[in-house]
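# Per-entry structural report
Take a look at the letters that make up each chain.
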Amino acid sequence: MNKFSWYEAKSVEDAVKQVNNTVSEELYLPSGKAAIFKSGGIDVLDLVKEGLIQPKTIVNVRNIPGLNKISFDDNGLRIGANVTLAEIEGNEAVKTRYAALHEAVAHAATPQLRNMSTIAGNLAQRTRCWYFRSSDHPCFRKGGDKCFAKHSETGQNENHAILENDRCVSVYASSVATALLAYQGSVMITNGKMESRQVPLSEFFVAPDQDVSRENILEPNDLITEISVPAPDMNTKSYYSKQVQRASYDWSMADVAIVAQMNGDTCEKITITLGAAAPIPIRAYEAEKIVLNKKINEERATRAAKVAMENAKPLSKNSYKLPLFESIIKQGLLEIA
Amino acid sequence: MKKLASGKSKKSISRRGFIRGAGLTTAGTVVLNSGVLAFEHKESYPKGDLIAEGAVEIKMKVNGLSRTLSVEPRTTLADALRDQLDMTGTKIVCDRGSCSACTVYLDGKPINSCMTMALDVGQQEVTTIEGISSGEKLHPVQEAFIEHDATQCGYCTPGMVMSCVHLLKHNSNPTLDDVKHATRGNLCRCGTYPHVFKATLSAAEKMK
Ligand SMILES: Cc1cc2nc3c(=O)[nH]c(=O)nc-3n(C[C@H](O)[C@H](O)[C@H](O)COP(=O)(O)OP(=O)(O)OC[C@H]3O[C@@H](n4cnc5c(N)ncnc54)[C@H](O)[C@@H]3O)c2cc1C
Ligand code: FES
Ligand code: FES
């Protein structure tokens, strides 16, 4: 592990002025003098241990006062950047009002890791694609000229993308993001000039065809300060399911979140989001249309699930994901109906 | 001495701690950003401390004792415990947060010490497997592990015990599913799981 210095940031302004690079930029084009943010430190340390980044300074934002609160009122849920996944899991409002988010958080990582992982770090962590995580594989995302996973014979692509996978076929690591996207959450960001902006999660993730060097819009001095999630209606129903290989804990093979407003059995508003399907968490817009303003029944649920996978282009080893997604989407729709 | 920035969380490394550390340090240097100190009253926002990349002495509360350690910013808690304090009960297996062999508690919560920086501990209390027994007297969970043959090669065992002891502390009447849930992160390549589950349930009975 390379040596680095440590800056213990005391305020948001202090932190944004100390940092000079993102982890993504450092992976793509190492500067050798990066000062990067760290919160829980799990992903940062993982990348440093693997020798994929060699930061000069770690700017610790974990103890900045005021970023560790979680609150709920009529306007919705506000989760400070440093709130841990365990704290979200244990929050009463999350348990009672945001069932899909609760389910997603409770099934992310391990109990130990949930005690350490912060929500901001979770959303900004890099993909777990094993080629990306290996220093022996200079892939697109690290400034290289190929996607190793895509190769039809040698690519170990069982966990990879089946949608929007023309270039890099990695999938987004955060399964919590799938649920937050379904609730139409947004991220509050403060930049180096101390200007704050609120970015909907739908605009936070960056797909490889837009810019393969990054997975989110964060610029070097952008600090996430808070995640906000609108208050669900009394008629809101939600669903989340994550399919994994091992029963104990694992990264997602396929996860689906559904948030819908129901009037009787008619669906008046709906978001269906898919994780581990594409390089970023995505909405299944066409599937939503099948059930919007309709009664959700077996036939429509089946059709919506089919439509969600219509444009799928499975790789050599992951066609199993199609029926998997189809069955979770169908199951989820029938459950909220 | 300058006052500490207000609202300081208890997890942060106190400036006083650093200055004390600086006095003790021989191996490395603590760079107190003197520019920061000088400018602090002019600027409106609280500024932090830079700790240079070499070794620095810190104090850490481990199993009820205050210990002095020499760590670098890159030193993990697992390495600090094993290499600095010779507390080798905490095992390092994957070193990536995926097996939980290195589980210790920070302020009572199980975490992976291989993915926690020593500098992140701050004022939090560390509890390791060595702090689970009382002297030579094993914890009921440890005794049950022996009785139920819940250990093979033993690499995962300290982490398993930490997860199970934590469970019983918060749930005196666990179901099999509760035990499974609590040990979700603990991987055992020897496959001792059924024995671990039985041992924990029997320890729970005995502790009633
Ligand atoms: C074995 C294993 C299994 C896991 N399983 C899952 C899973 O199933 N689902 C899931 O969702 N996650 C999973 N995770 C991810 C984990 O839970 C953490 O959320 C993640 O590793 C990073 O969180 P962190 O707080 O440690 O972030 P850090 O490592 O501190 O930071 C991650 C990134 O975010 C940036 N960053 C941190 N804070 C901010 C901020 N405030 N503003 C801007 N940028 C910031 C950092 O610069 C860095 O690039 C798993 C991790 C491991 C190791
Ligand atoms: S050694 Fe820490 S989790 Fe495996
Ligand atoms: S006893 Fe060998 S790894 Fe669990």
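Basis of the calculations
- Residues numbered from 1 in each chain as written.
- Chains lettered and ligands numbered in written order.
- Predicted model: local features only at pLDDT ≥ 70, side-chain atom pairs only at ≥ 80, totals over all residues.
- Heavy atoms only, no water.
- Axes fitted to C-alpha atoms, helices over the stretch in contact; angles between N-to-C directions.
- Helix = DSSP H or I, 4+ residues; strand = E, 2+ residues; numbered from the N terminus.
- Left-handed = near helix turned anticlockwise from the far one by under 90°.
- Contact = heavy atoms within 4.5 Å.
- Nonpolar A, V, L, I, M, F, W, Y, C, P; charged D, E, K, R; others polar.
- Pairing = 2+ DSSP bridges.
- Buried area = accessible area lost by both parts, 1.4 Å probe.
- Salt bridge = Lys/Arg side-chain N within 4 Å of Asp/Glu carboxyl O.
- Polar contact = N/O pair within 3.5 Å; in protein donor to acceptor, adjacent residues only side chain to side chain.
- Buried < 20%, exposed > 50% of the residue type's maximum accessible area, 1.4 Å probe, protein only.
- Near = heavy atom within 4 Å.
- Areas by Shrake-Rupley, 256 points an atom, 1.4 Å probe, with all protein chains shown as cover.
- Phe/Tyr/Trp six-rings, centres within 6.5 Å; stacked < 30°, edge-to-face > 60°.
- Lys NZ or Arg CZ within 6 Å of the ring centre and 35° of its normal.
- Expected span 1.5 Å × (residues − 1).

### Here's the deal with the packing of helix α11 (residues 298–308) of chain A against helix α12 (residues 321–336) of chain A
Residue and element names in this part refer to chain A. Running from N to C, α11 and α12 point in directions that differ by 145°, and their axes come no closer than 8 Å. Crossing handedness for the pair α11 and α12: right-handed. Side by side, α11 and α12 meet where E298, A301, T302, A304, A305, K306 and A308 of the first sit next to E326, I329, K330, L333 and L334 of the second. Here the contact of α11 with α12 is built from residues that sort into 7 nonpolar, 1 polar and 4 charged.

### Thoughts on the sheet that holds strand β4 (residues 70–73) of chain A
Sheet strands line up and pair through hydrogen bonds in the backbone, either parallel or antiparallel. Residues and elements named next belong to chain A. In space, the 5 strands of this open sheet follow the order β4-β5-β8-β6-β7, with antiparallel pairing throughout. Of all strands in the sheet, those with a lone pairing partner are β4 and β7 (196–200), marking the two edges. Strand-to-strand twist across the sheet, computed as the mean angle between neighbouring axes with direction ignored, equals 20°. Bridge analysis of strand β6 (residues 186–190) against β7 gives 5 bridges, and the strand direction is antiparallel. Bridge pairing links V187 to V199 in β7.

### Brief notes about the interface of chain A and chain B
Interface size is commonly expressed as the accessible surface area that is lost when the partners come together. Every contact between the two is made by 37 residues of chain A and, on the other side, 46 residues of chain B. Regarding the contact of chain A and chain B, the summed buried area is about 3,600 Å², with carbon and sulfur atoms giving 53% of it. Considering only the surface of chain A that becomes buried against chain B, A:W6, A:K10 and A:Q112 emerge as the three largest contributors, covering 20% of it. Inspection of the chain A/chain B interface yields 6 salt bridges. Among the salt bridges present, the one from B:E72 reaches A:K3, with a minimum N-O distance of 3.4 Å. The tally of links from chain A across to chain B stands at 17 residue pairs in polar contact (both at pLDDT 80 or more). If you list the elements that add at least two residues to the side of chain A that touches chain B, you get β1 (5–8), α1 (12–18), α3 (42–49), β3 (57–60) and α7 (111–116) of chain A. It is α7(A) that contributes the most residues to the side of chain A that touches chain B, 6 residues altogether.

### What about the environment of B:N63?
All names here are of chain B. Along the chain, the position of N63 falls in the loop between β2 (56–62) and β3 (65–71). Among the residues examined, N63 registers a relative accessible area of 26% and is labelled partly exposed. With 69 residues separating them in the primary sequence, N63 and I132 have C-alpha atoms 8.5 Å apart. Residues within four places of N63 in sequence aside, it is in contact with M87, E125, V126, T127, T128, E130 and G131.

### A word on the site of ligand 1
Residues and elements named next belong to chain A. In the neighbourhood of ligand 1, 36 residues make up the surrounding shell, with F37, S39, G41, I42 and I224 lying closest. At 2.7 Å, a backbone N or O of G41 approaches an oxygen atom of ligand 1. I42 is positioned such that a nitrogen or oxygen atom in its backbone is 2.8 Å from an oxygen atom of ligand 1. Compared with its free state, where it exposes 990 Å², ligand 1 has 97% of that area covered by protein.

### Side note on the packing of aromatic side chains
Residues and elements named next belong to chain A. For the structure shown, the criterion picks out 6 aromatic pairs over all chains. Centre to centre, the rings of Y131 and F148 are 5.8 Å apart; their planes meet at 20°, and the pair counts as stacked. Pair noted here: Y131 is in the loop between α8 (119–124) and α9 (176–182) and F148 is in the loop between α8 and α9, with a separation of 17 residues, a long-range link. Summarising the burial analysis for this pair, Y131 and F148 share the class buried. Centroid distance Y172 to F205: 4.8 Å. Interplanar angle 75°. Geometry classified as edge-to-face. Separated by 33 residues along the polypeptide, Y172 in the loop between α8 and α9 and F205 in the loop between β7 and β8 (223–230) bring together distant segments of the chain. The pair Y172 / F205 is uniform in exposure class, with both members buried. Aromatic ring contacts, followed pair by pair, group F72, Y98 and Y183 into a single cluster. In this arrangement the basic side chain of R167 is found over the ring face of F140, its NZ or CZ atom lying 4.4 Å from the centre.

### Here we look at the sheet that holds strand β6 (residues 125–127) of chain B
Residue and element names in this part refer to chain B. The mixed open sheet is built from 5 strands, whose spatial order is β3-β2-β6-β4-β5. One side of each edge strand has no neighbouring strand; the edge strands of this open sheet are β3 and β5 (109–112). The average angle at which neighbouring strand axes cross in this sheet is 45°, direction not considered. By the bridge criterion, 2 bridges tie β2 to β6 in an arrangement that is parallel. Within β6, the residue paired with K61 across the bridge is E125.

### Considerations on helix α3 (residues 77–84) of chain B
Residues of α3(B) that are buried: B:L77, B:A78, B:A80 and B:L81. Those residues of α3(B) that are buried are in contact with β2, β3, β4 (103–106), β5 and β6 of chain B.

### Some points on helix α7 (residues 193–207) of chain B
Given 3.6 residues per helical turn, the α-helix brings residues three or four places apart onto the same face. Residues and elements named next belong to chain B. Taking 1.5 Å per residue, 15 residues should reach 21 Å; α7 reaches 21 Å between its end C-alpha atoms and fits that length. Within α7 the residues assigned to the buried category are V196, F197, A199, T200, S202, A203 and A204. In this structure, the buried side of α7 is in contact with α4 (140–147), α5 (157–170) and α6 (176–182).

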